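Below are the chains, spelled out letter by letter.
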Amino acid sequence: MRQVRLYGRGEAEAERSVCPVCRGDYKLCRLDVCPYLRHLRDLLGRVESSRVLFGSSPPSSLVGSWGYPRVYVGPLTPPITEDTSIMESPELWLDIPLERILSMRLSLVRGKVRADVREARDPGRMLQSIQELGMAYTPTDVELWFSREPRIMPGFMVRSAPWGPSASLEKTIVASNPLVPRPVEKAVSDTDLKASKAIIELYRSGISLSQIVRLLSLGLIGTRRWRRLVPTEWSITAVDDQIGRWLRGRVREKRWISSYQVYSHEAHHNKVSILMLPGPWMFEVIEIWHKGGVKIYRDHELPGEPDRYPEEVGGAFHALRLPVLEHLYRVGRQASVVVVAEVREGWIPLGVWRFREICRRALGRPAGSYSELDEALEALGRHTWAPRTLWERNSVVLRLARTQAKLTRFVGLGKV
Amino acid sequence: MSFRMRLPSADYFSDLVKAIHAIVDEGTFQITSESIRLVAMDPAHISLVDFELSNSAAEEYECSGEMKMTVSISELMKFLKRAKKGESLILTYNDETKKLSITLIDATGSRERTFTLNTLETVETRTATPNLTFDAKARVNTDAVKDAVKDSSLVSDYVKITIAPEEVIFLAKGELGTVQTKLTKMGATVYDIETDKEVWAHFSISYLDKIVRPASELSDEMVMELSTNKPIRLGFPIPSGKLEYLIAPRIEGE
């Protein structure tokens, strides 16, 4: 599978310096000052005074990118034993307050162990139990033994959701029997199945994105020779991209939609507005940050152009493309699509999932349907926070839709 | 019904298929006793390829009746990529089994490799008949056009092509600046221009590029035909055959 590059320009600039408390300098992130940690102090206090932690992992794991190809890998586990599955289910997070998502994620203690990415196919005892845990799909009890007391060093990342205190692992004991779904077992045991194919098979058998990401990042899928640990952030985008490509291949064979359609949804200081035009598959993301001025990042894919990495938007491009393609696949139609994704003051960097989920939610509601492009643009303009001219002027897909003529206009249709 | 054709160079056929692949991933060849032909539009309906190879290109040519053969061009390309220099090629298609076999034979005839490709269901679709008339025609050097397109891509994603009685001009304008390539008649790059007026239209650079690049392997000269704000026809003369493309214009300011 193609190597995913680290960040788009927008991710590197806008997303990384965004925590209103520490202004992105996580070294300044302190338990006693962070308002988001208020509700967690007792819990974290207990964690910080013990070298052993017993809890139910959602399950969740994290593979860092620092030091690649020798990376830190380990499970994320809160010090509680109840149903923790919501902590790893972004599809449920739009309906709970931002503060709760953050405190939920910050209560996840990260156990870590340094490993060469190639060890995934031939894991030691520790990595093996981490992998075993990663295959589960319901919360699984684990006992983590640390070499010292976990310390608060919350990790914020551009694409993945954050986590809480961390410490080096000495021992991991999976205390309950992990429940592994059949398709997962099948994909993991098939060492001749390419990772890209495995991702599609898992997706089609209804395995959640979070779990597919976990399997890929822990080096549990792919042909034997190529199994390796993949940093979580790269895995997220790789999975969005691979499933998107598969859906795109199907969608491109379908008929065009017959009217202009507009969708929009807003949550957690983020808004996603979508315009679909009758036409061949084209996709464009215009990401607008309204934080101390306006910043715009955009990327597109056009018919006939080879795939390239979205240099500006980065992971959000693939995260937004996936729900759009899922929608078109479901309705059996093809369209040219412009997505305006906006972020406002108040957002804290919790990951790329919110664009994916907000986009899904937007597309789940009936569309505003228009017969003229201008009506549709006006409707889209009513949804976006930014004035219409801002995205209209920047859109390559809109310009193309207005100017590119079809051959059918000049050439008669008939048998050769 | 069956069809069999032997071509002296597998390499050459591979280049031809690559040129078709610029437009479509899947296509239907119409096979008759005179020729094999493929006319196809890309899924976005912006460009079209018209390819024909007559029986005189082949060393052996047998066809027991008219038939249609639909193949995945990308899969066919994978097989043809295995061809080595100096190898000749035999294509055999059987209408009943719906299988296309590709046989590569080395120069001494000591090695023979056969690949069999399952063909696809032919869907009866109406294909565009490329019968357009043009106001201007220019015969130009393929590499010069390839460079002009590449240069234009530095500033824009589309380029204005003008054919005037004395010159051919490529002009791209972008936020960064402009790029202009002027090819003058009676130079080494323009062999001939037939027009009494100036005609122009805008075209997507990605389409121009993906057509001209593979076709430049096949022909040093190309024929550009154009009318103002109408599609452009790009013809690449190949021995015993035809390789032509149409690209729809971008109508700026509409």
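None of these values were measured; they are calculated from a predicted model. (Residues numbered from 1 in each chain as written. Chains lettered and ligands numbered in written order. Predicted model: local features only at pLDDT ≥ 70, side-chain atom pairs only at ≥ 80, totals over all residues. Heavy atoms only, no water.)

1. A look at the overall build of chain A
Line of reasoning, step 1. Within chain A, the regular secondary structure consists of 13 helices and 14 strands.
Line of reasoning, step 2. Per-residue burial over chain A gives 59% buried out of 416 residues.
Line of reasoning, step 3. Surface exposure of chain A reaches about 17,100 Å², of which carbon and sulfur atoms provide 48%. (Helix = DSSP H or I, 4+ residues; strand = E, 2+ residues; numbered from the N terminus. Buried < 20%, exposed > 50% of the residue type's maximum accessible area, 1.4 Å probe, protein only. Areas by Shrake-Rupley, 256 points an atom, 1.4 Å probe, with all protein chains shown as cover.)

2. Topic: the overall build of chain B
Line of reasoning, step 1. If you tally the helices and strands in chain B, you get four helices and 18 strands.
Line of reasoning, step 2. Against the globule reference of 18 Å for 254 residues, chain B gives a C-alpha radius of gyration of 20 Å, in line with a compact fold.
Line of reasoning, step 3. Sorting the 254 residues of chain B into buried and exposed places 54% on the buried side.
Line of reasoning, step 4. Restricting to contacts in chain B with at least 6 residues of sequence separation, those with at least 24 account for 66%.
Line of reasoning, step 5. Entry remark: accessible area of chain B is about 11,300 Å², with carbon and sulfur atoms responsible for 46%.
Line of reasoning, step 6. Charged side chains in chain B number 30 positive and 40 negative. The centres of these two groups are separated by 3 Å. (Rg over C-alpha atoms; globule rule 2.2 N^0.38 Å. Contact = heavy atoms within 4.5 Å. Lys, Arg positive; Asp, Glu negative; His and termini not counted. Charge placed at Lys NZ, Arg CZ, Asp CG, Glu CD.)

3. Examining the packing of helix α9 (residues 315-331) of chain A against helix α10 (residues 353-363) of chain A
Residue and element names in this part refer to chain A.
Line of reasoning, step 1. It is at 8 Å that the axes of α9 and α10 come closest, and there the two elements cross at 25 degrees. One element, α9, and the other, α10, form an angle in the roughly parallel class. As α9 packs across α10, the resulting crossing turns out to be right-handed. Every residue of α10 that contacts α9 at Ala-316, Ala-319, Leu-320, Leu-322, Pro-323, Val-324, Glu-326 and His-327 is listed here: Phe-355, Arg-356, Cys-359, Arg-360 and Leu-363. (Axes fitted to C-alpha atoms, helices over the stretch in contact; angles between N-to-C directions. Parallel < 35°, antiparallel > 145°, perpendicular 65-115°, else oblique. Left-handed = near helix turned anticlockwise from the far one by under 90°.)

4. Examining the sheet that holds strand β16 (residues 221-226) of chain B
Residues and elements named next belong to chain B.
Line of reasoning, step 1. The sheet built from nine strands is open, its strands ordered β6-β2-β3-β4-β18-β17-β16-β10-β14 with antiparallel pairing. Since the sheet does not close on itself, it has two edges, and those belong to β6 (67-72) and β14 (190-194), each with one partner. Averaged over all pairs of adjacent strands, the angle between strand axes in this sheet comes to 15 degrees, irrespective of strand direction.
Line of reasoning, step 2. Bridge count for strand β2 (residues 26-31) against strand β3 (residues 35-41) is two bridges, and the pairing is antiparallel. (Pairing = 2+ DSSP bridges.)

5. Some words on empty space enclosed by the protein
Line of reasoning, step 1. Summed over all chains, the structure comprises four cavities of 30 Å³ or more.
Line of reasoning, step 2. In this structure, the largest cavity occupies an estimated 110 Å³ of space.
Line of reasoning, step 3. Lining the largest cavity are 13 residues, with His300(A), Glu301(A), Pro306(A), Asp307(A) and Arg308(A) positioned closest to its centre.
Line of reasoning, step 4. With three residues, the top contributor of residues to the lining of the largest cavity is strand β11 (residues 294-301) of chain A.
Line of reasoning, step 5. Residues belonging to the lining of the largest cavity are distributed by class as follows: five nonpolar, one polar and seven charged.
Line of reasoning, step 6. Of the volumes computed, that of the second largest cavity is approximately 70 Å³.
Line of reasoning, step 7. What lines the second largest cavity is Phe3(B), Phe13(B), Phe29(B), Ile36(B), Met69(B), Leu76(B), Leu91(B) and Leu100(B). (1 Å grid on protein atoms, 1.4 Å probe; cavity = no way out; pocket = protein on both sides within 12 Å on 5 of 7 lines; lining within 4 Å. Points joined across faces, edges and corners; volume = space filled by probe spheres on them. Nonpolar A, V, L, I, M, F, W, Y, C, P; charged D, E, K, R; others polar.)

6. As for the side chain of Ser47(B)
Line of reasoning, step 1. Among the structural elements, Ser47(B) can be located in strand β4 (residues 47-54).
Line of reasoning, step 2. Those residues in contact with Ser47(B) that sit more than four places away from it in its chain are Leu407(A), Ile23(B), Ala40(B), Met41(B), Asp42(B), Tyr207(B), Leu246(B) and Ile247(B).

7. A few points about a nonpolar patch on the surface
Line of reasoning, step 1. On the surface, Val52(A), Trp145(A) and Ile173(A) cluster together into a nonpolar patch covering about 210 Å² of accessible area.
Line of reasoning, step 2. In this fold, Val52(A) is placed in strand β1 (residues 52-57). (Patch = residues over 30% accessible without salt bridge, like charges linked within 9 Å, V, L, I, M, F, W, Y side chains within 5 Å. Salt bridge = Lys/Arg side-chain N within 4 Å of Asp/Glu carboxyl O.)

8. Observations regarding the nonpolar core
Line of reasoning, step 1. Ile243(A), Ile274(A), Met276(A), Val324(A) and Val337(A) are the most contacted members of the largest nonpolar core, which has 100 residues in total.
Line of reasoning, step 2. Contacts of Met276(A), omitting those with residues within four sequence positions, involve Ile257(A), Ser259(A), Tyr260(A), Gln261(A), Tyr263(A), Val324(A), His327(A), Leu328(A), Ala335(A), Ser336(A), Val337(A) and Leu363(A).
Line of reasoning, step 3. Grouped together as the second largest cluster of nonpolar side chains are 77 residues, Leu91(B), Val149(B), Val155(B) and Leu208(B) included. (Core = buried A, V, L, I, M, F, W, Y, C linked by side-chain atoms within 4.5 Å.)

9. Observations regarding the pairing of strand β17 (residues 232-235) of chain B
Residue and element names in this part refer to chain B.
Line of reasoning, step 1. Burial of the side chains of β17 extends over both faces: Ile-232 and Leu-234 are buried on one face and Arg-233 and Gly-235 on the other.
Line of reasoning, step 2. In this structure, β16 lies alongside β17, joined through three bridges in antiparallel fashion. Residue pairing for β17: Val-223 is matched across the bridge by Gly-235.
Line of reasoning, step 3. Between β16 and β17, which pair antiparallel and follow one another directly, the connecting turn spans five residues, one of which, Asn-229, has a positive phi of 55 degrees.
Line of reasoning, step 4. Where β17 and strand β18 (residues 241-247) come together, four bridges link them in antiparallel fashion. Residue pairing across strands places Leu-234 opposite Tyr-245, the latter belonging to β18.
Line of reasoning, step 5. What sits between the antiparallel neighbours β17 and β18 is a turn of five residues, in which Ser-240 has the positive phi angle 55 degrees.

10. Let's talk about the domain arrangement of chain B
Residues and elements named next belong to chain B.
Line of reasoning, step 1. Domain assignment breaks chain B into domain 1 (2-118) and domain 2 (136-247).
Line of reasoning, step 2. Inter-centroid distance (C-alpha atoms) of domain 1 to domain 2 is 28 Å.
Line of reasoning, step 3. On the domain 2 side, the residues contacting the 22 residues of domain 1 number 16 residues.
Line of reasoning, step 4. Across the domain 1/domain 2 interface, buried area totals approximately 1,600 Å², and carbon plus sulfur atoms make up 60% of it.
Line of reasoning, step 5. Across the domain 1-domain 2 interface, the total number found is one salt bridge.
Line of reasoning, step 6. Residue Lys-242 pairs with Asp-50 through a salt bridge whose shortest N-O separation is 3.1 Å. (Domains from an automatic or database assignment. Buried area = accessible area lost by both parts, 1.4 Å probe.)

11. Examining the domain arrangement of chain A
Line of reasoning, step 1. Assigned domains of chain A: these are domain 1 (15-174), domain 2 (182-249) and domain 3 (252-407).
Line of reasoning, step 2. Computed from C-alpha atoms alone, the centre-to-centre distance between domain 1 of chain A and domain 3 of chain A is 33 Å.

12. Some details on the sheet that holds strand β12 (residues 167-173) of chain B
Residue and element names in this part refer to chain B.
Line of reasoning, step 1. Read from one edge of the open sheet, four strands run β13-β12-β11-β15, paired in antiparallel fashion. A strand with exactly one partner marks an edge of an open sheet, and here the two such strands are β13 (178-184) and β15 (199-204). Taken over all neighbouring pairs, the strand axes of this sheet differ in orientation by 15 degrees on average, direction set aside.
Line of reasoning, step 2. Here helix α3 (residues 142-152) sits on the sheet in contact with β11 (158-163), β12 and β13, set at roughly 165 degrees to β13.

13. Structural notes on the environment of Lys78(B)
Line of reasoning, step 1. Within the fold, Lys78(B) resides in helix α2 (residues 73-80).
Line of reasoning, step 2. Along the chain, Lys78(B) and Ser14(B) lie 64 residues apart, while their C-alpha atoms are 9.6 Å from each other.

14. Side note on α2(B)
Because each turn of an α-helix spans 3.6 residues, side chains separated by three or four positions end up pointing in the same direction.
Line of reasoning, step 1. Here α2(B) has its buried residues at Ile73(B), Leu76(B), Met77(B) and Leu80(B). Seen along its axis, α2(B) keeps its buried residues to an arc of 105 degrees; they face one direction. (Arc of directions from axis to C-beta.)

15. What to know about the side chain of Lys112(A)
Line of reasoning, step 1. Within the element layout of this structure, Lys112(A) appears in strand β4 (residues 109-116).
Line of reasoning, step 2. In contact with Lys112(A), other than residues within four places in its own chain, are Tyr72(A), Val73(A), Gly74(A), Ser166(A), Ala167(A), Ser168(A) and Leu169(A).

16. Digging into unusual backbone geometry
All names here are of chain A.
Line of reasoning, step 1. Put simply, Pro-58 and Pro-59 share a cis peptide bond, and its omega is 0 degrees.
Line of reasoning, step 2. Take Pro-59: it is sitting in the loop between β1 and β2 (61-63).
Line of reasoning, step 3. We note that His-268 has phi near 50 degrees; this positive angle belongs to a residue other than glycine.
Line of reasoning, step 4. Within the secondary structure, His-268 is located in the loop between β8 (260-267) and β9 (270-277).

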